[in-house]
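Chain by chain, the residues run as shown.
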Amino acid sequence: MAKRHPAIPGLWLLTDARNDAALDRAMRRLPRGSGVIFRHYHLPVTARRARFARLAKTARSRGLVPVLAGSSRLARGWGAGGAYGAPSALGRPTGGLRLATAHSLRELAVAARGGADAVLLSPVFATRSHPGGKALGPVRFLFLARQSPLPVIALGGMSAKRARRFPVHGWAAIDAFA
């Protein structure tokens, strides 16, 4: 398994329409040095950018790293601390963290070749985000994590209790911080 990287937070909150109303409270529950991945794909671009600006200001004031779902170029333009998405969507590095999504061994390799700093490997468990979707399960997740050349962040049905079972860089969730 890849080693922990001190510049990459080990705890991440992902945002979406479901947790928008509770984001300020959720960010207050995160320890300093954690990260917030702003998705909010449901908003039109102008509203999304304005919501990100408010969230990023709050995140920084609490010592959190705000990351934008989108290309590295867009993240830099919006003043984010990094970009999150499929390796092909991240584009060329422009500074800041590059967090890639992965669901398979092939996608882990693509993320590494694409210059990602870490990978969110998912879904470990069933999630409310993708009801009925196929989860990796703990055994397959650990197998894939051990093959990863990048630090792995567990995502999908995660909680602090579940995260303690996995010797990876960190974990991320949407609902666990509500």
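Going by the structure above, here's the rest.
Residues numbered from 1 in each chain as written. Predicted model: local features only at pLDDT ≥ 70, side-chain atom pairs only at ≥ 80, totals over all residues. Heavy atoms only, no water.

Attention now goes to the overall build of the protein. Along the backbone of the protein there are seven helices and eight strands. Here the C-alpha radius of gyration of the protein, 15 Å, is about what a compact globule of 178 residues would show, namely 16 Å. The buried share of the protein, taken over its 178 residues, is 47%. A separation threshold of at least 6 residues defines the contact pool for the protein, and within that pool the share at least 24 residues apart is 51%. When the accessible area of the protein is evaluated, it comes to approximately 8800 Å², of which 55% is carbon and sulfur surface. Of the charged side chains in the protein, 29 are positive and 6 negative; the average position of the first set lies 5 Å away from that of the second. (Helix = DSSP H or I, 4+ residues; strand = E, 2+ residues; numbered from the N terminus. Rg over C-alpha atoms; globule rule 2.2 N^0.38 Å. Buried < 20%, exposed > 50% of the residue type's maximum accessible area, 1.4 Å probe, protein only. Contact = heavy atoms within 4.5 Å. Areas by Shrake-Rupley, 256 points an atom, 1.4 Å probe, with all protein chains shown as cover. Lys, Arg positive; Asp, Glu negative; His and termini not counted. Charge placed at Lys NZ, Arg CZ, Asp CG, Glu CD.)

Let's shift gears to the environment of A89. Note that A89 resides in helix α4 (residues 87-90). Separated by 19 residues in sequence, A89 and G70 place their C-alpha atoms 6.8 Å apart. The residues contacting A89, other than those within four sequence positions of it, are G70 and S71.

Below, the discussion takes up the nonpolar core. L13, L121, F141, M158, F166, W171 and F177 are the most contacted members of the largest nonpolar core, which totals 43 residues. Apart from the residues lying within four places of it in its own chain, the contact partners of M158 are V124, F125, A163, F166, W171, A172, A173 and A176. Counting 15 residues, the second-largest nonpolar core is a separate cluster that includes Y84, L97, L99 and L155. (Core = buried A, V, L, I, M, F, W, Y, C linked by side-chain atoms within 4.5 Å.)

Attention now moves to the side chain of R48. Tracing the sequence through the fold places R48 in helix α2 (residues 45-61). One buried charge, R48, has no salt-bridge partner; the nearest side chain with opposite charge is D20, at 10 Å. Setting aside residues no more than four positions away along its own chain, R48 makes contact with F38, R39, H40, Y41, L43, L68, A69, L74 and W78. (Salt bridge = Lys/Arg side-chain N within 4 Å of Asp/Glu carboxyl O.)

A barrel is described by the order of its strands in space; here eight strands give the closed sequence β1-β2-β3-β4-β5-β6-β7-β8, paired in parallel fashion. In this sheet, adjacent strand axes meet at a mean angle of 25 degrees when their direction is disregarded. Here three bridges tie strand β1 (residues 11-14) to strand β8 (residues 170-173), and the two strands are oriented parallel to one another. Counted as the bridge partner of W12 is A172 from β8. (Pairing = 2+ DSSP bridges. Axes fitted to C-alpha atoms, helices over the stretch in contact; angles between N-to-C directions.)

Here the focus is the pairing of strand β4 (residues 82-85). Alternating residues of β4 divide into G82 and Y84 and A83 and G85, and every residue in both groups is buried. Relative to β4, strand β3 (residues 65-69) is paired through two bridges, and the arrangement is parallel. Looking at β4, one finds that A69 is bridged to Y84. Bridge count for β4 against strand β5 (residues 97-102) is four bridges, and the pairing is parallel. If you follow A83 over to β5, its bridge partner there is R98.

A separate point is the pattern of salt bridges. Tallied over the full model, the rule gives five salt bridges. Across the pair R39 and D16 runs a salt bridge whose closest N-O atoms are separated by 3.4 Å. Pair noted here: R39 is in the loop between β2 (35-38) and α2 and D16 is in the loop between β1 and α1 (23-29), with a separation of 23 residues, a long-range link. In this pair, the class of R39 matches that of D16, namely buried. The partner of R51 in a salt bridge is D20, and the shortest N-O contact between them spans 2.8 Å. Of this pair, R51 sits in helix α2 while D20 sits in the loop between β1 and α1, placing them 31 residues apart in sequence. Connected through shared salt-bridge partners, D16, R18, R39 and D175 make up one network.

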